[in-house]
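# Chains, contacts and geometry: an overview
What follows is each chain in one-letter form.
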Amino acid sequence: MDGLRALVVEDEKRLAETVGDLLRMDGYITDICHDGESGLDNALSGIYDVCVLDIMLPKLDGFEVLRRLRREGSGLPVLLLTARSDVADRVRGLDSGADYYLSKPFEPKELVACVRALTRRQPEIRETSVIEYGDLKLDKNGLLLKRGEREIRLSRKEYGLMELLMLNRERALDKETMLLKVWGYESDADENSVEVYISFLRRKLEHLRSSVHIRTIRMVGYCLEKGEDNN
């Protein structure tokens, strides 16, 4: 369970915090957002292992979030958490791509057990999954960044940033997005923290003699780029 990330998308702030606290107590790194648009954006980042999603949300409802998520090819496990208990709504949620449906009010132990079950579904894939970009491999289990026979261990924040950059490939990411997705919504970290950890990652890329480098895009943020092979 160590290192698994959960996303809670719920507009009732008190309930969202309750769900977040339950998952954190069970060992999940948990982020919270309160509307469908930010929920979809975060879910599509590829950094989460499970999503607890409400149906009645501002901007985009949970059904639409699910549809767009599946349309983009995301296999992120989703637990629908909603006050609606009508059979038609359950069927619609499952048909939209939900993995499980839980009605409010819920038993805390049942919610945590459901999330646990969803994150256990494909443990063999999770344990062996490696992200690749250019000449780099990012080991999700060992927090290792590898190039050929060389490897170097990353801190959790370094790993989170590198994972985000590798999942987004050449797409530019702004510092605010990186803060929210790696440090979380409740962190006191600022943009200087992103700059510091980007510096750490650049040194480690140099140590690995990787052809991949982190490009600074002025007034925007950062992205990965492939350069010439450094053999």
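Summarised in this report is the structure supplied together with it. Everything numeric here is computed off the predicted structure, so don't read it as measured data.

The rules behind the values
- Residues numbered from 1 in each chain as written.
- Predicted model: local features only at pLDDT ≥ 70, side-chain atom pairs only at ≥ 80, totals over all residues.
- Heavy atoms only, no water.
- Helix = DSSP H or I, 4+ residues; strand = E, 2+ residues; numbered from the N terminus.
- Buried < 20%, exposed > 50% of the residue type's maximum accessible area, 1.4 Å probe, protein only.
- Polar contact = N/O pair within 3.5 Å; in protein donor to acceptor, adjacent residues only side chain to side chain.
- Pairing = 2+ DSSP bridges.
- Axes fitted to C-alpha atoms, helices over the stretch in contact; angles between N-to-C directions.
- Contact = heavy atoms within 4.5 Å.
- Salt bridge = Lys/Arg side-chain N within 4 Å of Asp/Glu carboxyl O.
- Expected span 1.5 Å × (residues − 1).
- Core = buried A, V, L, I, M, F, W, Y, C linked by side-chain atoms within 4.5 Å.

### What to know about the environment of Asp49
- With respect to the element layout, Asp49 can be found in the loop between α2 (36–43) and β3 (50–53).
- Exposure remark for Asp49: the relative accessible area of 14% places this residue in the buried category.
- In this structure the side chain of Asp49 is engaged in a polar contact, spanning 2.7 Å, whose partner is the backbone nitrogen of Arg5.

### Remarks on the sheet that holds strand β8 (residues 144–147)
- The four strands lie next to each other as β6-β7-β8-β9, forming an open sheet whose pairing is antiparallel. At either margin of the open sheet sits one strand with a lone partner, and together these are β6 (130–133) and β9 (150–153). Going across the sheet, the axis of each strand differs from the next one's by a mean of 20 degrees, ignoring polarity.
- Where β8 and β9 come together, four bridges link them in antiparallel fashion. The residue bridging Arg147 from the neighbouring strand is Arg150, located in β9.
- Contacts from helix α7 (residues 156–168) reach β6, β7 (136–139), β8 and β9 within the one sheet, and its direction differs from that of β7 by about 130 degrees.

### Focus: the sheet that holds strand β11 (residues 212–217)
- Pairing is antiparallel in the open sheet, where three strands are placed in the order β10-β12-β11. Since the sheet does not close on itself, it has two edges, and those belong to β10 (173–174) and β11, each with one partner.
- Strand direction decides the pairing type here: β11 and strand β12 (residues 221–226), joined by six bridges, are antiparallel. Paired with Ile214 across the two strands is Leu224, which belongs to β12.
- Across the face of the sheet, α7 comes into contact with β10, β11 and β12 while running at roughly 65 degrees to β12.

### A few points about the pattern of salt bridges
- Taken as a whole and judged by the stated rule, the model has 14 salt bridges.
- In this structure, Lys104 and Asp54 form a salt bridge, with 3.4 Å as the shortest nitrogen-oxygen distance. Of this pair, Lys104 sits in the loop between β5 (100–103) and α5 (108–119) while Asp54 sits in the loop between β3 and α3 (62–71), placing them 50 residues apart in sequence.
- Residue Lys104 is classed as buried on the basis of its relative accessible area, which comes to 18%.
- The class for Asp54 is buried, based on a relative accessible area of 2%.
- By sharing partners, the salt bridges in this structure join Glu10, Glu12, Asp54 and Lys104 into a single network.

### Side note on helix α1 (residues 13–25)
- Helix length check: α1 (13 residues) gives 18 Å between terminal C-alpha atoms against 18 Å at 1.5 Å per residue, within 8%.
- Summarising the contacts, the buried residues of α1 are in contact with β1 (5–9), β2 (29–33), β3, β4 (78–82) and α5.
- After α1 finishes, the residue Gly27 shows a positive phi value of roughly 100 degrees.

### Details of the nonpolar core
- Formed by 49 residues in total, the largest nonpolar core has its most connected members in Leu53, Leu145, Met162, Met166 and Met178.
- Counting residues per element, this core draws most heavily on α7, which supplies six residues.
- Among residues more than four places away in sequence, those in contact with Leu145 are Leu136, Lys137, Leu138, Arg150, Glu151, Ile152, Leu154, Met162, Met166, Leu205 and Leu208.
- Residues Leu4, Leu23, Leu81 and Cys114 belong to the second largest nonpolar core, which totals 21 residues.

The values reported here are purely geometric and, on their own, carry no functional implication.
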